Amino acid sequence: MASSRRQNISCATCGKTAGIFTCRGCSENFCLPHTNEHRAAIEKQMDNITHIHDQFKQAISGPSTEEFQQSLMQQIGRWEQESIRKIQQVANDTRQQLAIIVRDRTENIKDKVSQITVQLKRARQDGEFFENDLKEWSDKLKKFQPLLTKQQKIKINIDKNSVPFISKISLHDLSNDSLVQSTNEPSYATNYDDDIQDECEDYSDMKEQTEYSEGEHSIRFKIDQYDRNSSILFGITSKDASGITNPFDNPTLYGWTGENSVYRAGELYQNYRGYKSDIQTDDILMLGINCDREIITLTNERTRQRYELGIDTTKCPLPWQPSVRFFVNEE
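All values derive from a computational prediction rather than experimental measurement. (Residues numbered from 1 in each chain as written. Predicted model: local features only at pLDDT ≥ 70, side-chain atom pairs only at ≥ 80, totals over all residues. Heavy atoms only, no water.)

Asks: Is there a simple way to explain the packing of aromatic side chains in this structure?
Replies: How two aromatic rings sit relative to each other is set out by the distance from centre to centre and by the angle between their planes. By the definition in use, this model includes four aromatic pairs. Seen from their ring centres, phenylalanine 248 and tyrosine 263 are 5.3 Å apart, and the 45 degrees between their planes marks the pair as tilted. One end of the pair, phenylalanine 248, is in the loop between β8 (230-238) and β9 (254-257); the other, tyrosine 263, is in strand β10 (residues 261-264), and 15 residues separate them in sequence. Residue placement shows arginine 264 over the ring face of tyrosine 269; its charged tip is 5.2 Å from the ring centre. (Phe/Tyr/Trp six-rings, centres within 6.5 Å; stacked < 30°, edge-to-face > 60°. Helix = DSSP H or I, 4+ residues; strand = E, 2+ residues; numbered from the N terminus. Lys NZ or Arg CZ within 6 Å of the ring centre and 35° of its normal.)

See the structure below:
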């Protein structure tokens, strides 16, 4: 605080001109009583900032952070053990199949060769064998050769095109997600069956015609209200077809909607890859868009169900735009 004795300067609090001091911080002028009051207020602000600082410091290095990290570490550990168990199970099953095949084929050859062994031994001991016997034994041994060759033609096949039985694990930073909160003020649109009027909320434009050409993106939706007459479409369309108002008439549509329905390139499929449209009020669903891998995903955080669709970019060219609609069918 610096003092000033100019008679034309008054206290910012009471307007008095006696005993005026100027605060270097805010450049306001105060009389002596209000100078002390102003200083006390600054001290209180300092105390609050110090308290917030201490809370942050404790949160960063305190037990809550360690517990959170430990919880995630335990999830990673469980995934690791479950993945090892699955791998060991597949390996053991394959070992058993191999052992059975080799045993059956080997025993079959052994039985046939053993019969000839007995015949050769008896014939040599007795001296009773002739050209026709030699030819018969020779022909039989030649027939066994393909069986022995067949034994060596077993190989381990790694199917690179099969669906992985171990889910890939990765970290998902929810702080980078967009959370769209559904509203209670639906806009009205004509249903695509011409005689029925529906309430329709379109969330496709909520991010100013966002379009994606590369990278991985996610949008999370909170369902404030959902009943048996509701239906939601989560998907994408190509920007090239953005002029088509009705998403279900759009040949580039990929996504999920009610009644266990899935759209691929505008074609409707029921229960595709086990999809179930199990949505309830207060659910949070995440629409994932991965342009690099050319896939989209839908995850229900309540049920932990995750669905994936591969995108044929010849039918739905990049860039892609989210197509998210909320429908309420009027009875």
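Asks: Would you take a moment to explain the pattern of salt bridges for this structure?
Replies: Under the counting rule described, the total for this entry stands at nine salt bridges. Two residues, aspartate 278 and arginine 302, come together in a salt bridge whose shortest N-O distance is 3.4 Å. Separated by 24 residues along the polypeptide, aspartate 278 in the loop between β11 (267-270) and β12 (284-290) and arginine 302 in the loop between β13 (295-300) and β14 (305-310) bring together distant segments of the chain. Ionic pairing is found between glutamate 308 and arginine 306, a salt bridge with its closest N-O pair at 3.4 Å. On the accessibility criterion, glutamate 308 (29% relative accessible area) is partly exposed. When its relative accessible area of 48% is taken as the criterion, arginine 306 is described as partly exposed. (Salt bridge = Lys/Arg side-chain N within 4 Å of Asp/Glu carboxyl O. Buried < 20%, exposed > 50% of the residue type's maximum accessible area, 1.4 Å probe, protein only.)

Asks: Looking at this structure, I do not really get a negative patch on the surface. What am I missing?
Replies: Together, Glu214, Glu216, Asp292 and Glu294 line one region of the surface with negative charge. Inspection of the secondary structure puts glutamate 216 in strand β7 (residues 216-222). Given the relative accessible area of 65%, glutamate 216 is considered exposed. (Patch = residues over 30% accessible without salt bridge, like charges linked within 9 Å, V, L, I, M, F, W, Y side chains within 5 Å. Areas by Shrake-Rupley, 256 points an atom, 1.4 Å probe, with all protein chains shown as cover. Lys, Arg positive; Asp, Glu negative; His and termini not counted. Charge placed at Lys NZ, Arg CZ, Asp CG, Glu CD.)

Asks: For this particular structure, what's the right way to read the confidence of the model for the protein?
Replies: Atom-level detail of predicted coordinates should not be read off regions where pLDDT is low. The predicted model of the protein averages 78 in pLDDT, with 79% of residues at 70 or higher. In the predicted structure, residues 1-6 sits below a pLDDT of 50 and forms 13 contacts with residues beyond four places in sequence or in another chain. Overall, residues 174-200 carries pLDDT values under 50, and its contacts beyond four positions in sequence, including any with other chains, amount to 61 contacts. (pLDDT = per-residue confidence, 0-100. Contact = heavy atoms within 4.5 Å.)

Asks: Would you mind showing me how to read the side chain of arginine 220 here?
Replies: Assignment of secondary structure puts arginine 220 in strand β7. Under the relative-accessibility criterion, arginine 220 is labelled buried at 11%. Only 2.9 Å separates the side chain of arginine 220 from the side chain of glutamate 301, close enough to count as a polar contact. (Polar contact = N/O pair within 3.5 Å; in protein donor to acceptor, adjacent residues only side chain to side chain.)

Asks: I'm lost on a nonpolar patch on the surface in this one. Help?
Replies: Residues Leu98, Ile101, Val102 and Ile154 make up a contiguous nonpolar surface patch of about 260 Å² in total accessible area. Tracing the backbone through its elements, the reader meets isoleucine 101 in helix α2 (residues 63-126).

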